[in-house]
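Residue-level listing of the chains:
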Amino acid sequence: MTSRADIDVRPIDESEFADWSRAMNIGFLREPTLGEELLEARRAQFVPGRTVGAFDDGRCVATFRSFAQELTVAGGAAVPADAVTNVTVSPTHRRRGLLTRMMAQDLAAAKERGDVVATLIAAEYPIYGRYGFGPATWTTEWTIDVPRAGLDPRWAGPEDGGRIDLVDAEDVRKLGPELHERLRRSQPGAVSRDELWWQLATGAVRFHATFHEPFHVVHRSAAGEVQGMAAYTTDDTWGDAKQPLNTAKVKWLIGVSPAAERALWRYLCSIDWVVRVKSGYRAPDDLLPHVLPDPRAAAVTTQADWLWVRILDVVRALEARTYEAAGALVLEVADAGGLAGGRYRLEASADGAGTCAPTTENPDLSLDVADLATLWLGDESAVRLAALGRVREERAGAARQADALLRTSRRPWCPDIF
């Protein structure tokens, strides 16, 4: 077995991208070898210095990639983020500290660049807490039993004078980016999408051998403004008595108004032959169940952590967001990674603005940087974390005060996987 010191962890150059891609596929239990066409398409994601591999005797055995991203916080501001993805270690090289080395290099570089946070979607829950990441948003998927939903099968149009139109992939690439920008400016937890995202979503660029073109629909208001969009696929399932039993699977759905969301869900539940609609990953407090006359027709089929956040700059992170009440808290933040630890005073004014600075005052709350990330976007309760032993009150009532300041009226949500 090669010693840890003899395994070279470093950014790859472009000539090593095929070997790196093979190692990534192995880590994700996919077919190891990519065809030339797919490999060339994936090169669009290669960024020098941010595509990292671990090499044992010249063979790539672990992978790690990061890219620039923006993350929306409470109040609508966006902070620069280091988005972490494509993290694998080959089964022959587990438990040798390779992920720790790759993560340490990447987070140090992100801190040096001035990123406020790092983000990722965790395939496994236990891995990333030890690097200072905490789950900051959750996601829910519903399966709708359409016949039970209680919708009038004779009418599927929007109720506000708007309309639903089927559109092509080219229309989505034209209309989608601006619509998504409107969504993410108002949705804490949402992240930026680049042009490649839209190309992949519509099949203009393909990273996999099979691509099933989805149907695309757009909601326009009575004034003609695009307010919502969805992509979905369907299967082809029929019962023994020739009755249709098809399922529509939502790949993504965005709406910048409640009317658009209601109209899109009503449309999806009105498609002939469709008896089930799988919602895709939605916010845990999504409107979906209650836009149906019978909310019980929408059964929760997935409930899980989603976006994980690692705070790199406590002052900028706390000053970027807005607050629900006026008040002040002194936080003692522990950070085993040495990137963001310290004692900080947060002061929020009545208009929602916050200021933060290092302090020597006695702390009100003590917590790990991962738990601060869990609280930061406004989804979790400090009182709940205190009950779990993850937050310690140094002053009685401080956790309740933290909830009054930090928690948001609607839960943060990240619509994307990356």
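Thresholds applied
- Throughout this document, residue positions are counted from 1 along each chain, in the order its sequence is written.
- Per-residue local features of the predicted model are confined to residues with pLDDT of at least 70, and side-chain atom pairs are confined, for both listing and counting, to 80 or more; whole-chain, interface and lining totals are unaffected and use all residues.
- To obtain the side-chain values, all non-hydrogen atoms of the structure were used and water was disregarded.
- Centres within 6.5 Å make a pair out of two Phe, Tyr or Trp rings, where for Trp the six-membered ring is used; the pair is then stacked when the planes are under 30 degrees apart, edge-to-face when over 60, and tilted otherwise.
- Note on conventions: DSSP H or I runs of at least 4 residues are helices, E runs of at least 2 residues are strands, and numbering of each starts at the N terminus.
- Only protein chains enter the accessibility calculation, which uses a 1.4 Å probe; a residue whose area is less than 20% of its type maximum is buried, one above 50% is exposed, and one in between is partly exposed.
- Buried and open spaces are told apart on a 1 Å grid over the protein atoms alone, a cavity being a set of points where a 1.4 Å probe fits but cannot get out and a pocket being an open set with protein on both sides within 12 Å along at least five of seven lines. Residues with an atom within 4 Å of a point are the lining residues.
- Grid points are joined across faces, edges and corners, and a volume is the space filled by probe spheres set on the points.
- To estimate the expected span of a helix, count its residues, drop one, and scale the result by 1.5 Å.
- A pair of strands is labelled paired if DSSP reports no fewer than 2 bridges between them.
- Note on geometry: axes are lines fitted to C-alpha atoms, helical ones only across the stretch in contact, with angles between N-to-C directions running from 0 to 180 degrees.
- Should any heavy atoms of two residues lie within 4.5 Å, those residues are counted as being in contact.

Visitor: Honestly, the packing of aromatic side chains in this entry has me stumped. Any pointers?
Guide: To describe a pair of aromatic rings, one takes the distance between the centres and the angle between the planes. In total, this model carries twelve aromatic pairs according to the counting rule given. Relative to Trp20, the ring of Phe17 has its centre 5.7 Å away and its plane inclined at 20°; by these criteria the two rings are stacked. Residue Phe17 and its partner Trp20 are located together in helix 1 (residues 17-27), separated by three residues, close to a single helical turn. Accessibility expressed as a relative area gives 3% for Phe17, which makes it buried. The class for Trp20 is buried, based on a relative accessible area of 1%.

Visitor: What exactly am I supposed to notice about empty space enclosed by the protein here?
Guide: Rolled over the atoms, a probe as big as a water molecule pinpoints where empty space is left. Taken as a whole and assessed by the stated rule, the structure comprises one cavity of 30 Å³ or more. Roughly 40 Å³ of internal volume is contained in the largest cavity. If you go around the largest cavity, the residues you meet are Leu329, Leu331, Leu365, Leu367, Leu372, Leu375, Ala402 and Leu406. Counting only elements with at least two residues in the lining of the largest cavity, the list comes to strand 15 (327-334), strand 18 (365-368), helix 9 (369-376) and helix 11 (398-406).

Visitor: How should helix 4 (residues 169-184) be read in this particular structure?
Guide: Owing to its 3.6 residues per turn, the α-helix aligns residues three or four sequence positions apart on the same side. Its 16 residues place the ends of helix 4 21 Å apart at the C-alpha level, agreeing with the 22 Å of an ideal helix rising 1.5 Å per residue. Every buried residue of helix 4 is listed here: Ala169, Val172, Gly176, Leu179, His180, Arg182, Leu183 and Arg184.

Visitor: I'm lost on the sheet that holds strand 12 (residues 274-278) in this one. Help?
Guide: Strand pairing within a sheet occurs via backbone hydrogen bonds; the two strands may be parallel or antiparallel. Read from one edge of the open sheet, seven strands run 8-9-10-11-12-7-13, paired in mixed fashion. Either end of the sheet is taken by a strand with one partner, and the two such strands are strand 8 (163-167) and strand 13 (298-305). The mean inter-strand angle of the sheet, taken between neighbouring strand axes irrespective of direction, is 25°. Looking at chain direction, strand 7 (residues 138-145) and strand 12 are connected through three bridges and run antiparallel. By the bridge assignment, Thr143 is partnered in strand 12 with Lys278. The strands touched by helix 4 are strand 8, strand 9 (215-220), strand 10 (226-234) and strand 11 (246-255); relative to strand 10, the strand with the most contacts, the crossing angle is about 125°. Against the sheet, helix 6 (residues 258-268) makes contact with strand 8, strand 9, strand 10, strand 11 and strand 12, and its axis sits at roughly 165° relative to strand 11, the strand it touches most.

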